[in-house]
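Fold and geometry: a report
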Amino acid sequence: MIRVRDAVLAALCVAVLTPLLVLSTAAAGFGPRHWSGVPLTGVALPLLDARPTSSGTRVAALDAITDELIATEYRGWTALYTGADGRVQIETTRLSAALFRELGDRFGGDTVGLVYTPMTPPMYPGGPGGGHTVETTWQRTDPVSSWLTLLVGFPWQLGTALLLTAAGWALVLRRRRRAVAEPAHGDVDH
């Protein structure tokens, strides 16, 4: 039963640590790359605003990327601008593997980067075209899909989280075995 509990706890640690590692490396400015090659270049969360700065210039790809986002069904993007690194930065309220894959296939990671901003209010409250559909915060941010994308979409963070979790559990198990093997000071038989 202890092994099952340890396995469940290790899985929970990986499920929490991996997305946190991805977000923290994006906030630190390292730009972790998704499997598609598109980097997560920034994060804007409460008490943490680590977005890339705008270069103030307009690259040719900006119009093509804007047209592509308008043509797709994806409604999570809130802003586009050219970053200081020359990439077109797309601020989005939700992350999905499909979005990373489409942008990676169409434009590549050297042209476009994503900035995760889940708390940004909707651009148009009535929906596109003045419709009467209003998305709730859960629909607009899609936390489950964003969490899954952060969990399995970034290869080196997943490996890092697995190694950290395995090392932590190895230390815990080693201490337990050592505590069982060494008798307490007052338990010596004569």
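Residues numbered from 1 in each chain as written. Predicted model: local features only at pLDDT ≥ 70, side-chain atom pairs only at ≥ 80, totals over all residues. Heavy atoms only, no water.

1. Brief notes about the pairing of strand β5 (residues 112–116)
A large share of β5 lies buried, amounting to five of its five residues. Residues of β5 alternate between two faces, with Val 112, Leu 114 and Tyr 116 on one and Gly 113 and Val 115 on the opposite face, all of them buried. Looking at chain direction, strand β1 (residues 40–45) and β5 are connected through three bridges and run parallel. Bridge pairing links Gly 42 to Val 115 in β5. Relative to β5, strand β4 (residues 88–92) runs parallel, the two being bridged by five bridges. Residue pairing across strands places Val 88 opposite Val 112, the latter belonging to β5. Assessed by its sense of winding, the connection that carries the chain from β4 through helix α3 (residues 97–106) to β5 is right-handed. (Buried < 20%, exposed > 50% of the residue type's maximum accessible area, 1.4 Å probe, protein only. Helix = DSSP H or I, 4+ residues; strand = E, 2+ residues; numbered from the N terminus. Pairing = 2+ DSSP bridges. Right-handed = clockwise from strand over helix to strand, strands pointing away.)

Everything listed is a geometric property; what it means functionally is a separate question.
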